[in-house]
Amino acid sequence: MLPKARFPRFPRAKLQFINNNIGGNMNNNKNLHEIPVTALRGVGGVKAKAYAAAGVHSLLDLLYYFPRAYEDRANIKLLAETSPEYKSAVVMTVATEPKIANIKRGMSLLKFRAFDESGVCEITYFNQNYYKDKFSVGSDFRFYGKVERVKSRYSMTSPAADPWVEELPPPPFFSVYRLSEGLTQKQISQNVADALELASQSMPDPLPEEIRERNKLCTIYYALRQIHFPESYAALAIAKKRLIFDEFFLFATGLALSGRKIQRLSAPACKNTDISPLLARLPYKLTGAQERTIADIAHDMSKGEQMSRIVIGDVGCGKTICATVAMYIAVKNGYQAALMAPTEILATQHYNDLCAIFEALGIRCALLTGSCTAATKRKIHAAMKSENPDERLDIVIGTQALLSDGAEFINPGLVITDEQHRFGVNQRALLSEKNKHTHVLVMSATPIPRSLALVMYGDLAMSKIDEMPPGRQRVDTFLVDESYRPRLDAFIRKNVDAGGQVYVVCPAVEESELEEGEIDLSEIAIYGEELVRNEKPPLKAAVQYAEELSERLQGYNIAFVHGKMKTADKDRVMRRFASGEVQILVSTTVIEVGVNVPSACLMIVENAERFGLSQLHQLRGRVGRGQRKSYCVLVSGAKGRLGDTAKQRLQTMCNSYNGFEIAEQDLKLRGPGDFLALSGNASIRQSGTLSFNIADMCEDSELMTTAFSEAHEYLKTDPNLQNHAPLRQAAERMFEVQGDIIS
Ligand code: ADP
Ligand code: MG
């Protein structure tokens, strides 16, 4: 049974106003996404601009503009219990009549005293003369704000004040929105309240009733109302659960729908290419998995319609050669090819590896990155477009610089993105726009179970490389706890002294935007029937860790990278590590996928229980790339605190070395969260197109599994989402700006 809602009341007149403004009929407001925010009272051009900056254009956008946090005003304190540093809620009785003092032109003070059983407080407001009538002597209010204290005298300045009636207390939570310039908390919450009132008449529920009930989810209207104006902690959790479920469900159904709509464009038919001259240049024989993948690619490219394929395989399994063959096929058929890597260091590595092979085969190849001089860029741009086949570049390897204006091929045939998840969809969209009729090949180092890959990559055809080149060393993996610290330090020294390099990975620590007393939306969760406040165990903060480590390991060259650093700065540190100058690299998980540092032989993962197995496996893949015997040490957090399942999970890492096997295990144990986080939704989210608004793929992986499997089932009976119009609309809306995710 859901709690009954109590909600802000709106004067009739206001409702009328909204009504007139949209010129519509209240019963026919199905298309909240078509009603601009300017339909709301008090929202004109300027405010609408401010909203637009926050991505809010329509009433529906506004309803989905969730608070970033909530002030907990239900935690009532006595004056004597408050701290001047934090905002508190205090219930007091007005003791003196408010007095107004006009201190200068345009500025007045309104002051009065109020008390509770622990003291008396002077309350001041600026320019709020009309409050004179609000605070009548003897009435009770709940004041919320910082309480200052000088000796035994308390004071509050401009506190929020709600009339206090014990039996019917004012709302316990107050929503805090992310503000863009020109908006205030008050304005947003007023506008949201108006929009909710409008929506209350008929808010179509995108979720089919049956699915909603089976999963014990509240209605969409209840969810939206409670997420903005929660009447209790429980109601908030219920609302959040529903909204998270929706995001996943709409994502899965929308993806399936847009995948179905994609038509294959034509692309060069690259037929019967003899690749033996290229293979003859390799110092090794292809593995069976590589041969299969190359056959897939060659077949795709021969058909005259666009190839759209993803090659998935563990770090080090040899994806690059598959890409190389694909480029060779394109070039031998008279077309040009591009290989795009997410970072300069990766692009350069590819170039250095491939350029000699290509040139020996008479293929012209260049490297294009952001740090090329303007003159070099101009030269490369010109050679890409050259009419003269003797001057024309056949292959360009590079970074996002390949997307900039001027970098156009005259005769494009193939575009490859390596470690595609590092690119936002925007960039990929651009790539496919510019090279509309080219083959597309994508490579990813995350071994993803097929079931999940289908959801994530829509209709990209998939080749799996599930076999490592022969003679690969196994990276011995150990699980230890804090008590091993001194031995671990000694082990680091030993490896570095012998000329090896060490990675240390700590979980990322997000800086909190919260003030004391606020509850972050992410802290609220409901699992099964149980309501929980997520409390995260203390983490080894990467910065602090790097400092401690430098103290303990003096004389060693230690550097630090983290996710908030600029790409160029990250690249610089990575390059210093790759060159051997930096011996120990402490990082959050941002360390570049695919970067090859052959003398790295020790990977230490702190708070390993915080990572998914697939993430750990990827991290482990950073070492063991050279001749040195390599190790991975998983350090679990506090001693003895690791639960059995967590231990069992980490133990899997010590026993299994196959990425796909580990991935299956991970999917069973943790749900799909890790994969989505690893495989790029994080970057998709950053790029701002596919925004999971409220869902967190890692925290909510359980809900995601349910939502995905519900979506999967639903699509079986209604593949085109024709049976439930609101679902189709919502799914389409989710993808109308992000339909390119699969291209
Ligand atoms: P990834 O799949 O992570 O991109 P790479 O393509 O960079 O892996 O390959 C990793 C290393 O393995 C490279 O040094 C490459 O030359 C080597 N390699 C690739 N295929 C084979 C093979 N069949 N036999 C031996 N070595 C191989
Ligand atoms: Mg690679």
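As a reminder, the structure under discussion sits directly above these lines.
A quick note: this is a predicted structure, and the numbers were derived from the prediction, not measured.

1. Structural notes on the overall build of the protein
Line of reasoning, step 1. A count of helices and strands for the protein gives 25 helices and 26 strands.
Line of reasoning, step 2. Looking at the protein as a whole, 53% of its 743 residues are labelled buried.
Line of reasoning, step 3. Partitioning the contacts of the protein with sequence separation of at least 6, the portion at a separation of at least 24 is 76%.
Line of reasoning, step 4. Of the roughly 33,500 Å² of accessible surface on the protein, 50% is carried by carbon and sulfur atoms.

2. Quick word on a positive patch on the surface
Line of reasoning, step 1. Taken together, Lys99, Arg113, Lys132 and Arg153 make up a surface patch of like positive charges.
Line of reasoning, step 2. Among the structural elements, Lys132 can be located in helix H4 (residues 131-134).

3. Side note on the sheet that holds strand S14 (residues 395-398)
Line of reasoning, step 1. A sheet is described by the order of its strands in space; here seven strands give the open sequence S13-S14-S12-S15-S16-S11-S17, paired in parallel fashion. Two strands close off the open sheet at either side, each with one partner strand: strand S13 (365-368) and strand S17 (461-465). Sheet twist, expressed as the average angle between the axes of neighbouring strands with direction ignored, equals 15°.
Line of reasoning, step 2. Bridge count between S13 and S14: four bridges; the pairing is parallel. If you follow Ala366 over to S14, its bridge partner there is Val396.
Line of reasoning, step 3. Strands in contact with helix H12 (residues 344-360) are strand S12 (336-340), S13, S14 and strand S15 (412-418); relative to S13, the strand with the most contacts, it is inclined by about 170°.
Line of reasoning, step 4. Where helix H13 (residues 374-385) meets the sheet, its contacts fall on S12, S13 and S14, and the angle it forms with S13 comes to roughly 135°.

4. As for the site of ligand 1
Line of reasoning, step 1. Contacts to ligand 1 come from 14 residues, most closely from Lys285, Gly316, Lys319, Thr320 and Arg472.
Line of reasoning, step 2. Within the side chain of Arg472, one N or O atom sits 2.7 Å away from an oxygen atom of ligand 1.
Line of reasoning, step 3. In isolation ligand 1 has 560 Å² of accessible area, and contact with the protein removes 72% of it.
Line of reasoning, step 4. Tallied by class, the residues present in the shell around ligand 1 amount to five nonpolar, five polar and four charged.

5. Describing empty space enclosed by the protein
Line of reasoning, step 1. Using the criterion set out here, one finds three cavities of 30 Å³ or more in the structure.
Line of reasoning, step 2. In this structure, the largest cavity spans a volume of roughly 100 Å³.
Line of reasoning, step 3. Taken together, 12 residues line the largest cavity, and the ones lying closest to its centre are Ala338, Leu402, Ala407, Phe409 and Asn435.
Line of reasoning, step 4. Among the elements of the structure, S12, S15 and helix H14 (425-434) are those that each provide at least two residues to the lining of the largest cavity.
Line of reasoning, step 5. The residue makeup of the lining of the largest cavity, split by class, is nine nonpolar, one polar and two charged.

6. Observations regarding the nonpolar core
Line of reasoning, step 1. Counting 71 residues, the largest nonpolar core has Met301, Met327, Ile395, Leu414, Ile416 and Leu616 as the members making the most contacts within it.
Line of reasoning, step 2. When residues of this core are assigned to their parent elements, the largest contribution, 10 residues, is made by helix H11 (residues 319-332).
Line of reasoning, step 3. Two domains each donate at least three residues to this core, and these are domain 3 (276-465) and domain 4 (476-656).
Line of reasoning, step 4. Those residues within four positions of Leu616 in sequence are excluded, and the remaining contacts are Val605, Ala608, Phe611, Leu634, Leu650 and Met653.
Line of reasoning, step 5. Counting residues in each nonpolar core, the second largest holds 68 residues, with Ile211, Leu257, Leu703 and Ala711 among its members.

7. A look at the pairing of strand S7 (residues 140-150)
Line of reasoning, step 1. As paired strands, strand S3 (residues 87-94) and S7 are joined by seven bridges and run antiparallel to one another. Opposite Val91, over in S7, you have Arg142 as the bridge partner.
Line of reasoning, step 2. Strand direction decides the pairing type here: S7 and strand S9 (residues 160-163), joined by four bridges, are antiparallel. Following the sheet pairing, Tyr144 is matched in S9 by Ala160.
Line of reasoning, step 3. Counted along the chain from S7 to the antiparallel partner strand S8 (residues 153-157), the turn is two residues long, and its residue Lys151 has a positive phi close to 50°.

8. Focus on the pairing of strand S19 (residues 501-505)
Line of reasoning, step 1. Of all five residues making up S19, five are buried, and the element is well covered by its neighbours.
Line of reasoning, step 2. Every second residue of S19 is oriented toward a common face, with Gln501, Tyr503 and Val505 on one face and Val502 and Val504 on the other, all of them buried.
Line of reasoning, step 3. Inspection of the sheet shows S19 paired to strand S24 (residues 584-587) by four bridges, in the parallel sense. Counted as the bridge partner of Tyr503 is Leu585 from S24.

Definitions and limits used
- Residues numbered from 1 in each chain as written.
- Chains lettered and ligands numbered in written order.
- Predicted model: local features only at pLDDT ≥ 70, side-chain atom pairs only at ≥ 80, totals over all residues.
- Heavy atoms only, no water.
- Helix = DSSP H or I, 4+ residues; strand = E, 2+ residues; numbered from the N terminus.
- Buried < 20%, exposed > 50% of the residue type's maximum accessible area, 1.4 Å probe, protein only.
- Contact = heavy atoms within 4.5 Å.
- Areas by Shrake-Rupley, 256 points an atom, 1.4 Å probe, with all protein chains shown as cover.
- Patch = residues over 30% accessible without salt bridge, like charges linked within 9 Å, V, L, I, M, F, W, Y side chains within 5 Å.
- Salt bridge = Lys/Arg side-chain N within 4 Å of Asp/Glu carboxyl O.
- Lys, Arg positive; Asp, Glu negative; His and termini not counted.
- Charge placed at Lys NZ, Arg CZ, Asp CG, Glu CD.
- Pairing = 2+ DSSP bridges.
- Axes fitted to C-alpha atoms, helices over the stretch in contact; angles between N-to-C directions.
- Near = heavy atom within 4 Å.
- Polar contact = N/O pair within 3.5 Å; in protein donor to acceptor, adjacent residues only side chain to side chain.
- Nonpolar A, V, L, I, M, F, W, Y, C, P; charged D, E, K, R; others polar.
- 1 Å grid on protein atoms, 1.4 Å probe; cavity = no way out; pocket = protein on both sides within 12 Å on 5 of 7 lines; lining within 4 Å.
- Points joined across faces, edges and corners; volume = space filled by probe spheres on them.
- Core = buried A, V, L, I, M, F, W, Y, C linked by side-chain atoms within 4.5 Å.
- Domains from an automatic or database assignment.

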